[in-house]
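Structural features, examined
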Amino acid sequence: MGWTMEQYVIRGGFPLVGEVEISGAKNAALPIISAAIMTDETVTLENLPDVNDVNVLLDSIAGIGAYVERVDRHTVKINGSTIRDCSVEYEYIKKIRASYYLLGALLGKYNNASVPLPGGCNIGSRPIDQHLKGFRAIGVDIDIRHGIIEASCSMMKGSHIFMDLVSVGATINIMMAASRAFGKTTIENAAKEPHVVDVANFLNSMGANIKGAGTDVIRITGVPAFHGCTYSIVPDMIEAGTFMMAAAATRGDVIIKNVIPKHLEAISAKLTEIGCQIEESESDDSVRVMATKRLAKTHVKTQPYPGFPTDMQPQMSVVLALSQGTSIVTESIFENRFKYVDELARMGASIKVEGNTAIIDGIDTFTGARISSPDLRAGAALVIAGLQAEGFTIVDDIVYILRGYEDFDGKLRSLGAEIRRVSSEKEIEKFELEVG
Ligand code: EPZ
């Protein structure tokens, strides 16, 4: 075979042991990069994760004229004063849906924006009706023509918005625009995720007046302009949770550093319930996960924060696929987030999906196989399965994983995993010979 898409090749069976540093949260970085253009002064962002989605979004704000300077791998300076165009090219939204945060940012600053409508994705149709409902509530005219959202208004005015459902993206997008609307806006039934709070804190550090982020009622008093600032992105709770699951699946002992343990409570509670030992450090910035025996079954239902995160559902299912007994996992946020189950079955898992529920009969061990990543978090979950499996696993289409995990294979290798990032059959054979 010729050159293929990049892959991971893994020799499983090694417990993960050691310490790993968590990067900044992708899902906070994306809206914060968008919001950074809302001032004509310079914004310095620190602790940015070096992942593809962040790099694509930086390209897209440069594409509309913003000044973007990469200070180092995790630090960038942004200045929005040179923006000449409020329309975002389709090529960017096609690469990452989160370009739709530019709607809220450009509306907040220029009172107009045109952004292509994001399509669906592998985990569901993901409409943005709630985003548009919020913009209309503060006086924005929305017209969707030829797949483009044309948004404009003479002056945004604060309003009382009751979200029909809890939406991270809609809460953030509306918060960005309303932070510059005239008067007061209340967002009821708001999302409470840590990255929603991080965006509110960032906007406030530019001079916004936002209260209540992290609760289900956010109160915003619009201000006429923002100033520059320096801001450090919150640690990524999903990256941290992914490493917690990898420690559990491989019966390892891992200290996960640079985290906020409170953000991980739902994950820690579930792992403790099935038999892991979880220790939080005195300095309160790390968690230790130990799994010395076979884990037990449980029931998990994904919920908006502070419930069990949907972005941790595939990783949790991999751990439960190795547990003693039958577990139930219910996905209540997205309609199509079990695509990895067929790949996992090729490694020996016994899982039956009925609607939005997976019934998981635990097995002793996976066996290595050639599998492919259906999406970002499912890809990470399949890597975890490969780390536990007997023999070799080749994970195809890792481009999805590279969107949201910085140096995933490097961090796993530092914990004792036998994993390489390759892009040819020859390299796969070389790895298999090396670790034999
Ligand atoms: C964010 O997506 C995250 N992405 C997702 O993470 C995460 O799974 C999700 O929040 C839930 O936590 C980013 O932050 C870039 P939602 P978002 O709006 O904002 C429906 C990852 O792996 N909905 O909270 O799109 C929607 O279809 C990604 O990093 C509407 O119906 O999620 C879904 O069923 C995957 N209308 C539910 O609400 C709307 O207008 C929750 O979606 C908006 C959403």
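No experiment lies behind these values; they were computed from the predicted model shown. (Residues numbered from 1 in each chain as written. Predicted model: local features only at pLDDT ≥ 70, side-chain atom pairs only at ≥ 80, totals over all residues. Heavy atoms only, no water.)

1. Considerations on the overall build of the chain
In plain terms, the rule: Going along the chain from the N terminus, every DSSP run of H or I of four or more residues is numbered as a helix, and every run of E of two or more is numbered as a strand. Our radius of gyration is a C-alpha quantity, and the globule rule it is checked against amounts to 2.2 Å times the number of residues to the power 0.38. Exposure is judged per residue with a 1.4 Å probe applied to protein chains only, and the accessible area is read against the type maximum: over 50% gives exposed, under 20% gives buried, and values in between give partly exposed. Any two residues whose heavy atoms approach within 4.5 Å are treated as being in contact. Neither His nor the chain ends is counted toward charge; the positive residues are Lys and Arg and the negative residues Asp and Glu. Charged side chains are reduced to one point each, which is NZ for Lys, CZ for Arg, CG for Asp and CD for Glu.
When its secondary structure is counted, the chain shows 15 helices and 23 strands. Relative to a compact globule of 436 residues, whose C-alpha radius of gyration would be 22 Å, the chain shows 22 Å and is just as compact. In terms of overall dimensions, the chain has C-alpha extents of about 65 × 45 × 45 Å along its principal axes. Residues counted as buried form 57% of the 436 residues belonging to the chain. Of all intrachain contacts in the chain linking residues separated by at least 6 positions in sequence, the fraction that spans at least 24 positions is 74%. The distance from the centre of the 42 positive side-chain charges to the centre of the 54 negative ones in the chain is 3 Å.

2. A word on the packing of helix H1 (residues 26-35) against helix H2 (residues 52-63)
Rules: Throughout, an axis means a line fitted to C-alpha atoms (over the contacting stretch in the case of helices), and angles, computed between N-to-C directions, take values from 0 to 180 degrees. Relative orientations are named as follows: roughly parallel for angles under 35 degrees, roughly antiparallel for angles over 145 degrees, roughly perpendicular for angles from 65 to 115 degrees, and oblique for any other angle. Ten residue types, Ala, Val, Leu, Ile, Met, Phe, Trp, Tyr, Cys and Pro, are classed as nonpolar, four, Asp, Glu, Lys and Arg, as charged, and the remainder, Gly among them, as polar.
The N-to-C vectors of H1 and H2 enclose an angle of 5°; their axes lie 10 Å apart at closest approach. Judged by the angle between their axes, H1 and H2 are roughly parallel. Contacts between H1 and H2 involve Lys26, Ala29, Leu30, Ile33 and Ser34 from the former and Asp53, Val54, Leu57, Leu58 and Ile61 from the latter. For the contact of H1 with H2, the per-class residue count stands at 7 nonpolar, 1 polar and 2 charged.

3. So, a negative patch on the surface
Operational definition: For patches, a residue must show more than 30% relative accessible area and have no salt bridge; joins then use 9 Å for like charges and 5 Å for nonpolar side chains, namely Val, Leu, Ile, Met, Phe, Trp and Tyr. Every accessible area reported is derived by Shrake-Rupley at a probe size of 1.4 Å, with residue values counting cover from the shown protein chains alone. One speaks of a salt bridge when a side-chain nitrogen belonging to Lys or Arg is within 4 Å of a carboxyl oxygen belonging to Asp or Glu.
On the surface, a cluster of negative charge is contributed by Glu21, Glu280, Asp284 and Asp285. Its place among the elements puts aspartate 285 in the loop between strand S15 (277-280) and strand S16 (286-290). Aspartate 285 gets classed as partly exposed once you look at its relative accessible area, which sits at 34%.

4. A word on the pattern of salt bridges
Scanning all chains against the criterion turns up 22 salt bridges. Measuring nitrogen to oxygen at the nearest pair gives 3.3 Å for the salt bridge that ties lysine 257 to glutamate 19. In this pair, lysine 257 is assigned in strand S14 (residues 253-257) and glutamate 19 in strand S2 (residues 17-21), connecting sequence segments 238 residues apart. In this structure lysine 257 comes out as partly exposed when scored by relative accessible area, which is 28%. Across the pair glutamate 239 and lysine 411 runs a salt bridge whose closest N-O atoms are separated by 2.7 Å. Here glutamate 239, found in helix H8 (residues 237-249), pairs with lysine 411, found in helix H14 (residues 408-413); they are 172 residues apart in sequence, far enough to count as distant. Of the two residues examined, glutamate 239 and lysine 411, each falls in the buried class.

5. Side note on the sheet that holds strand S22 (residues 392-396)
To keep it simple, the criterion reads: By this definition, two strands are paired if DSSP reports at least two bridges between them.
The 4 strands lie next to each other as S21-S22-S1-S23, forming an open sheet whose pairing is mixed. The open sheet terminates on both sides in strands that have one partner only, identified here as strand S21 (370-372) and strand S23 (418-422). Across the sheet, the mean angle from the axis of one strand to that of its neighbour is 20°, orientation sign disregarded. Sheet topology places S21 next to S22; 3 bridges connect them, and they run parallel. Following the sheet pairing, isoleucine 371 is matched in S22 by valine 395. Its contacts with the sheet place helix H12 (residues 376-388) against strand S1 (7-11), S21, S22 and S23, and it is angled at close to 25° to S1.

6. Some thoughts on the packing of aromatic side chains
Note the following rule: Any two of the Phe, Tyr and Trp rings considered here, Trp counted by its six-membered ring, make a pair once their centres fall within 6.5 Å; the pair's planes then place it as stacked at under 30 degrees, edge-to-face at over 60, or tilted in between. Whether a charge lies above a ring is judged from NZ of Lys or CZ of Arg, which has to be within 6 Å of the ring centre and within 35 degrees of the ring normal.
Scanning the model with the defined rule gives 7 aromatic pairs in all. Among the aromatic residues, those joined into a cluster by ring pairs are Tyr8, Phe243, Tyr405 and Phe408. Above the plane of the ring of phenylalanine 392 lies arginine 11, whose end atom (NZ or CZ) is 5.8 Å from the centre. A cation over an aromatic ring shows up here: arginine 180 above the ring of phenylalanine 226, its NZ or CZ 4.7 Å from the ring centre.

7. Thoughts on the domain arrangement of the chain
The criterion, for reference: What counts as a domain boundary in this text is fixed by an automatic or database domain assignment. Two parts placed together each lose some accessible area under a 1.4 Å probe, and adding up what both lose gives the buried area. Polar contacts, as used here, are pairs of N or O atoms within 3.5 Å; protein pairs need one atom able to donate a hydrogen and one able to accept it. Residues neighboring in sequence count only if both atoms are side-chain atoms.
We note that the domain assignment places domain 1 (7-23 + 235-435) and domain 2 (26-232) within the chain. Relative to domain 2, the C-alpha centre of domain 1 lies at a distance of 31 Å. Taken together, the contact pairs 26 residues of domain 1 with 22 residues of domain 2. Interface area for domain 1 against domain 2, summed over the two sides, is near 1,900 Å², with a carbon-plus-sulfur share of 51%. Linking domain 1 with domain 2 are 2 salt bridges, by the criterion used here. Note that arginine 73 and glutamate 406 form a salt bridge whose closest N and O atoms lie 3.8 Å from each other. The interface formed by domain 1 and domain 2 holds 8 residue pairs in polar contact (both at pLDDT 80 or more) in total. Elements with a minimum of two residues in the side of domain 1 that touches domain 2: H12 and helix H13 (399-402). Classifying every residue of the side of domain 1 that touches domain 2 by side-chain character gives 11 nonpolar, 5 polar and 10 charged.

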